[in-house]
Amino acid sequence: MLIFKKYWWQYFCVLIPIFVFWRVLFIYAINVPWFDDVEVFPGALVVWLKTDAWGGMKEMFRPNNEHRMLPGKLAGVLCYQLTGQLNMRWLALAANLNLMGILVLFWRIFRNLSLPPIYFLPLCLVVLHPQFYLASTWSITAWQHQSVLFWGFLTIYLLAQNTTKTFLLAVLTGFVTTFCMSNGLVFWGAGLVLIIIQKRYKNILFWLVAAGVAGFFYFYKFNNAANTNGLAYFFEHPHESFFGFFTFFGGSFDFWQQSTIVKRAILPTLMGMLLVGFCGWWLLMLVVKNWKNNPTTEKAITTRYFLFGCLAFLLGNGFIIALLRPQFGYYVMLVGNYKLYPALLLAFGYLIYLSKSTPKVVRWPVVLGCSIAFNIFSYIKFMPDVAQRRQMLAASAYNQQHNDIGLAAQINSPFADYTSYQMRFLSARKAYQYPLVFNDIALNTPLEKQKLMPQVAVERISKTDVVISQPDFENGSGSYDAAYLVLISTTKMYVAATNQPHFAGRNPFRSPKGFTAKLLPKFYQPDDYQIGVLVVAGGEQTLFKTDQRVRVDF
């Protein structure tokens with residue numbers, strides 16, 4: 001308590017980015033399953049409800065695409081068992097507790113350095129931001145990436161304690177890590193290297209056997225075709241993997257998302273080279289010098305072991321991503337699902353900097369200022385994407401509820417039928433309830449009775465694709481303020497989210513004018529639709545008519 005009284009203001013400062021991060025999560029996380037969510041959460045719950053205990057447990061371990069997601073699926077079932085409903089919003093929020101667990105591990109390592117709490121603030125600022133919103137507000141990716149990183153880092157932390165008890169616990173957490181997602185297997189390799197560095201040769205065989213058992217059960221009846229295709233692509237385009245490795249780790253500096261991929265990747269690639277170079281050199285020196293000049297305190301040794309093992313995983317994981325993922329397009333190196341990894345590498349780089357020597361007073365304000373600027377700029381650049389994603393999910397859920405299509409599945413596709421069945425089954429049992437986002441009174445009022453919104457342009461950019469825009473619309477500044485297209489035919493009504501322009505002026509807090517929406521034709525039944533605009537502002541919803549119609553066809 002004495003240390004808290006002495007440093008209370010520093011603890012308060014450290015808590016600020018944590019509070020802001022969670023506030024964004026509570027505002028923008030929404031109870032809507034999207035794309036792979038449908039199979040992992042609603043789909044798994046349906047199997048759980050329709051089969052016996054053995055069938056339900058088999059479903060928990062069943063692979064989805066390239067991953068097994070035991071903790072995520074169990075979380076979905078637990079949510080239902082505790083509340084009687086599957087709630088995707090609460091699942092996303094719960095997944096972010098893994099990220100808080102990572103911060104707790106960082107804090108324990110940080111305390112080994114005997115520095116004032118305020119020095120922990122830059123680490124929070126470079127980790128807690130919306131750049132990786134696709135791995136914080138999206139349930140499936142949050143339960144994949146955040147859980148595998150927490151359990152994996154916990155495994156390394158236990159190994160770093162260098163005791164028999166923590167070694168056995170690390171084996172157990174290693175099995176949990178394996179079944180979070182596929183890259184959890186990399187932690188077995190990172191752990192092996194750490195055990196060798198620790199010269200615990202008697203434990204190597206036990207670790208290898210445990211890793212072999214985990215790998216066997218993970219790949220049992222597992223479809224690995226995607227990775228085989230990735231290797232074939234690598235041999236044809238090795239340069240993409242080379243540069244992609246650095247682009248991936250410099251992803252925290254991807255601030256020009258609207259540019260072409262070549263221009264967009266320049267700064268992340270350069271920063272990735274600097275960051276990987278710094279961390280890689282530290283790792284190399286530890287190995288080459290055979291840990292000479294070892295610290296004498298137990299805390300300092302634990303710190304080195306933890307940093308070494310976690311960095312071995314991050315660099316190994318980045319190598320695999322750069323090797324297998326360019327086949328889907330170079331932009332994947334900067335996709336939002338992966339942005340947590342470069343943020344964590346920044347955090348490890350900072351911990352290495354602190355562990356090498358106490359930062360000079362002159363350098364500390366620079367480090368703090370840069371981390372604050374980085375955090376603020378991340379919120380300015382990425383919050384429009386976070387808000388737009390929530391709007392898209394709200395519109396998609398409405399369409400799925402009222403038109404039996406919308407949650408990422410194309411009309412007349414097998415996945416559309418699968419999604420329809422899962423959502424109808426859970427809705428009928430009241431195990432899932434669609435979020436109430438739209439005012440039915442506003443939506444169901446005939447367009448002829450509404451005010452006219454002028455200058456709505458309809459541009460057909462291909463035989464099937466249509467872009468609808470309004471250049472002068474005043475976008476609101478509220479968290480939920482938005483404009484939605486309403487497409488009305490004689491038999492159907494759909495809602496479509498719009499995109500507002502990204503900030504490009506001098507005032508970052510002023511919302512740019514206008515909106516655009518690109519209609520994905522296979523999300524709507526072919527028909528001739530009258531276009532309306534539903535404006536959400538200040539908690540009020542108002543429907544406007546336009547003098548435009550659009551033909552959806554495919």
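This one's a predicted model, so the numbers in the text were calculated from it and none came from an experiment.

Description of the pattern of salt bridges
With the rule as written, the count across this model stands at eight salt bridges. A salt bridge links E39 to R62; the shortest N-O distance between them is 3.4 Å. Of this pair, E39 sits in helix α3 (residues 36-50) while R62 sits in the loop between α4 (53-61) and α5 (70-83), and the two are 23 residues apart along the sequence. Residue R62 is classed as partly exposed on the basis of its relative accessible area, which comes to 31%. As a salt-bridge pair, D254 and R264 come within 2.8 Å of each other at their nearest N and O atoms. One end of the pair, D254, is in the loop between α14 (238-249) and α15 (261-288); the other, R264, is in helix α15, and ten residues separate them in sequence.

Observations concerning the side chain of T166
Within the secondary structure, T166 is located in helix α10 (residues 164-178). Within the structure, T166 has its side chain in polar contact with the side chain of T163 (distance 2.6 Å). Sequence-distant contacts of T166, defined by excluding residues within four places in its chain, comprise L158 and Q161.

A look at the environment of P435
Inspection of the secondary structure assignment puts P435 in the loop between α19 (414-428) and α20 (440-444). P435 sits 405 residues away from I30 along the chain, and the two C-alpha atoms are 7.7 Å apart. What P435 contacts, discounting residues up to four positions off in sequence, is I30, N31, V32 and A397.

As for the sheet that holds strand β7 (residues 540-552)
Spatially, four strands are ordered β4-β3-β6-β7 in an open sheet, and the strand pairing comes out antiparallel. Of all the strands in the sheet, just β4 (493-497) and β7 have a single pairing partner and so form its edges. When strand polarity is set aside, the average angle formed by the axes of neighbouring strands in this sheet is 25 degrees. Looking at chain direction, strand β3 (residues 482-488) and strand β6 (residues 527-537) are connected through seven bridges and run antiparallel. Across the sheet, residue Y484 finds its bridge partner in β6, namely L534.

Quick notes on the nonpolar core
F106, F153, F306, F348 and Y484 are the most contacted members of the largest nonpolar core, which has 159 residues in total. Other than its neighbours up to four places away in sequence, Y484 contacts Q391, A394, A395, F438, V495, A496, A497, T498, G532, V533, L534 and V536. Judged by nonpolar contacts, the second largest core, of 26 residues, contains I405, I411, A483 and Y529.

A few points about the side chain of Q146
By the secondary structure assignment, Q146 is in helix α9 (residues 139-160). A distance of 3.4 Å separates a polar side-chain atom of Q146 from the backbone nitrogen of L99. With residues up to four places along the chain from it excluded, the contact list for Q146 reads A95, N96, N98, L99, I102, F132, A135, S136, T141 and L340.

Details of the state of the cysteines
Summed over the entire model, instances satisfying the criterion amount to zero disulfides. Looking at the unpaired C124, the closest cysteine sulfur is the one in C13, lying at 11 Å. You can see C279 has no disulfide; the closest cysteine sulfur is in C310, sitting 12 Å from it.

So, the pairing of strand β5 (residues 515-519)
By the alternation rule, side chains of β5 split into F515, A517 and L519, which are all buried, and T516 and K518, of which none is buried. Two strands pair when backbone bridges link them, and strand β2 (residues 466-470) and β5 are joined in this way by five bridges, in the antiparallel orientation. When the bridges of β5 are listed, V466 appears paired with L519.

What to know about a nonpolar patch on the surface
Judged by side-chain polarity, W8, W9, F12, I16, F19 and V20 come together as a nonpolar surface patch covering roughly 660 Å² of accessible area. Structurally, W8 can be placed in helix α2 (residues 8-28). A relative accessible area of 52% places W8 in the exposed class.

Observations regarding the sheet that holds strand β1 (residues 457-460)
Here three strands make up an open sheet; going across it, the order is β1-β2-β5 and the pairing antiparallel. Each edge of the open sheet is held by one strand with a lone partner, namely β1 and β5. Neighbour-to-neighbour, the strand axes of the sheet open up by a mean angle of 20 degrees, direction not taken into account.

Criteria and cut-off values
- Residues numbered from 1 in each chain as written.
- Predicted model: local features only at pLDDT ≥ 70, side-chain atom pairs only at ≥ 80, totals over all residues.
- Heavy atoms only, no water.
- Salt bridge = Lys/Arg side-chain N within 4 Å of Asp/Glu carboxyl O.
- Helix = DSSP H or I, 4+ residues; strand = E, 2+ residues; numbered from the N terminus.
- Buried < 20%, exposed > 50% of the residue type's maximum accessible area, 1.4 Å probe, protein only.
- Polar contact = N/O pair within 3.5 Å; in protein donor to acceptor, adjacent residues only side chain to side chain.
- Contact = heavy atoms within 4.5 Å.
- Pairing = 2+ DSSP bridges.
- Axes fitted to C-alpha atoms, helices over the stretch in contact; angles between N-to-C directions.
- Core = buried A, V, L, I, M, F, W, Y, C linked by side-chain atoms within 4.5 Å.
- Disulfide = S-S within 2.5 Å.
- Patch = residues over 30% accessible without salt bridge, like charges linked within 9 Å, V, L, I, M, F, W, Y side chains within 5 Å.
- Areas by Shrake-Rupley, 256 points an atom, 1.4 Å probe, with all protein chains shown as cover.

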